[in-house]
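# Residue-level structural notes
Chain by chain, the residues:
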Amino acid sequence: MSAAHAAAPPPAAPAPEPDGTSTGVWPTSVRRGDDGALVVAGVDVRDIAAEHGTPAYVLDEADLRGRARAYARAFAAAFADLAGADVYYAGKAFLSVAVARWVHDEGLRVDTATGGELAVALRAGVPGGHIGLHGNNKSVDEIVTALEQGVGRIVVDSLAEVDVVARLAAERGVRAPVMVRVTTGVHAGGHEFIATAHEDQKFGLSLTSGAARKAVDEILARPDLDLVGLHSHIGSQIMDLAGFEVAARAVLGLRAQVAADTGYLMPEVDLGGGYGIAYTGADATPPTPEEVAAALAGVVRRACAELGTAVPRVSVEPGRSIVGPSALTLYTVGTVKDVQLDDGGRRTYVSVDGGMSDNIRPALYEADYTAALAGRASAAEAVPSRVVGKHCESGDIVVRGVALPADVAAGDLLAVPATGAYGRSMASNYNLVPRPPVLAVRDGAVRVLVRRETLEDLLALDQG
Ligand SMILES: Cc1ncc(COP(=O)(O)O)c(C=O)c1O
Ligand SMILES: N[C@@H](CCCC[NH3+])C(=O)O
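These numbers were taken from a predicted model, which means no experiment stands behind them. (Residues numbered from 1 in each chain as written. Chains lettered and ligands numbered in written order. Predicted model: local features only at pLDDT ≥ 70, side-chain atom pairs only at ≥ 80, totals over all residues. Heavy atoms only, no water.)

## Observations regarding the site of ligand 1
Lining the immediate environment of ligand 1, one finds 14 residues, of which His-233, Ser-236, Glu-317, Arg-320 and Tyr-422 sit closest. Measuring from an oxygen atom of ligand 1, one finds a side-chain N or O atom of His-233 at 2.8 Å. Burial of ligand 1 by the surrounding chains reaches 94%, relative to a free accessible area of 390 Å². Classifying every residue of the shell around ligand 1 gives 3 nonpolar, 6 polar and 5 charged. (Near = heavy atom within 4 Å. Polar contact = N/O pair within 3.5 Å; in protein donor to acceptor, adjacent residues only side chain to side chain. Areas by Shrake-Rupley, 256 points an atom, 1.4 Å probe, with all protein chains shown as cover. Nonpolar A, V, L, I, M, F, W, Y, C, P; charged D, E, K, R; others polar.)

## Looking at the confidence of the model for the chain
Looking at the chain as a whole, its pLDDT mean stands at 95, while 96% of the residues score no less than 70. The low-confidence segment residues 1-7 (pLDDT under 50) makes 25 contacts with residues lying over four places distant or belonging to another chain. Model confidence for the complex: the whole-complex pTM is 0.96, and ipTM, which rates the interface, is 0.98. (pLDDT = per-residue confidence, 0-100. Contact = heavy atoms within 4.5 Å.)

## Notes on the side chain of Asp-86
Mapped onto the secondary structure, Asp-86 falls in strand S5 (residues 85-90). Ignoring any residue separated from it by four or fewer positions in sequence, one finds Asp-86 in contact with Arg-109, Arg-313, Val-314, Ser-315 and Val-316. (Helix = DSSP H or I, 4+ residues; strand = E, 2+ residues; numbered from the N terminus.)

## What about the UniProt feature "modified residue: N6-(pyridoxal phosphate)lysine" (unreviewed entry) in the chain?
As annotated by UniProt and renumbered to match this structure, "modified residue: N6-(pyridoxal phosphate)lysine" (unreviewed entry) occupies Lys-92. Examined against the element boundaries, Lys-92 turns out to sit in the loop between S5 and helix H3 (97-105). For Lys-92, a relative accessible area of 30% translates into the label partly exposed. Not counting chain neighbours up to four residues away, the residues in contact with Lys-92 comprise Asp-111, Ala-113, Glu-117, Tyr-422 and Ser-425. (UniProt positions renumbered as here; feature names shortened; annotations may be inferred. Buried < 20%, exposed > 50% of the residue type's maximum accessible area, 1.4 Å probe, protein only.)

Laid out in structure tokens, this is it:
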């Protein structure tokens, strides 16, 4: 599991070669050109670097659209003979106006977690009714925007929020569509920091303590709130679908209990996102959208039959598995050092022109990535290497262990695949490094989705 804590660095294996599949580590269009340089959607990475500089996130538009479309189709098909399904793209993974438009064009809705994500989705023209709003500490402004824009669902995350949303809805004379985020106790995902449904954490309302049921009852008592359904999100970077079954049964059980007690059968259930992707050649093959949809449809069908309730409309919120594999980060190599290790071995430290400011995941979750020489091919021996950034932290690691050709040198381009999710969206200005651009590549052309920050941008924030 790539995001798991590990005491020892992973074995230094070379990056798998691009294979054109949607379950590999590279965007599907990536291949090596005749002289060995990587080509993304028909554009040579050397041309991208020459025109736009490095570091840069390079996003394969057709790949991203294809993944979005695959989810839309798979869920439509699997739930066709149930009560239907909606797929919300989780914008936290990466959101820009163009990406919001693309996923909406491909049949998805958009899940937002802040006023910033909401603003981008709205600017993209996504109708309010196709947007969801999450957040364990939503501001009044965020809730007001959601109500005024007719957001399709506000996912209530605390008992206190029930009151706030009801009051703000009443003031505006609207009835707010709400879901209750239920903590089911299922612990899943790649790392403790990204698992979200165990009891001892900040998200949701506990099933076992009765808080979730209390929220349901309070919402049902408020004429200004429309209880659309229940929500469960169990974590992220999950490869094994079994946890979703347990969580789905738990929320469907609560839904049936509420119906038995009150006569109100909630029309919807959201089963969250969290489907894993491959970051390195050592990762398991991730579940496909078809496998996810079939598994969830199966459990919803069976559980509702056992509970004796009609099936709900189901929604899910994948982020990483749509945008993660669609992008790579392009870096330029600077310093290269050969370091003697305590055990007598050697490791080559390859410093690149970015680091933890453009990808915090290795430092935050000990997440593993891989890297490949991108601007040329090399027949040199592959040697154990570590790709590091330019920040003032020894934990500023981009790739902990990878076999790179021994002749990698200053000026070479390196590509790190699978950086589309939680890369740019979690980027920082640490050490006052401007954040890289997001460049979309399609049919041989490059388009800037998010421009590179400049030193002027950073200086402009400083009021002296
Ligand atoms: C409520 C919610 N929905 C959806 C997601 C998207 O998860 P992922 O990017 O792992 O699919 C997250 C993040 O884990 C989340 O917290
Ligand atoms: N940001 C995390 C996942 C958390 C997702 C949001 N709940 C990651 O990079 O893996």
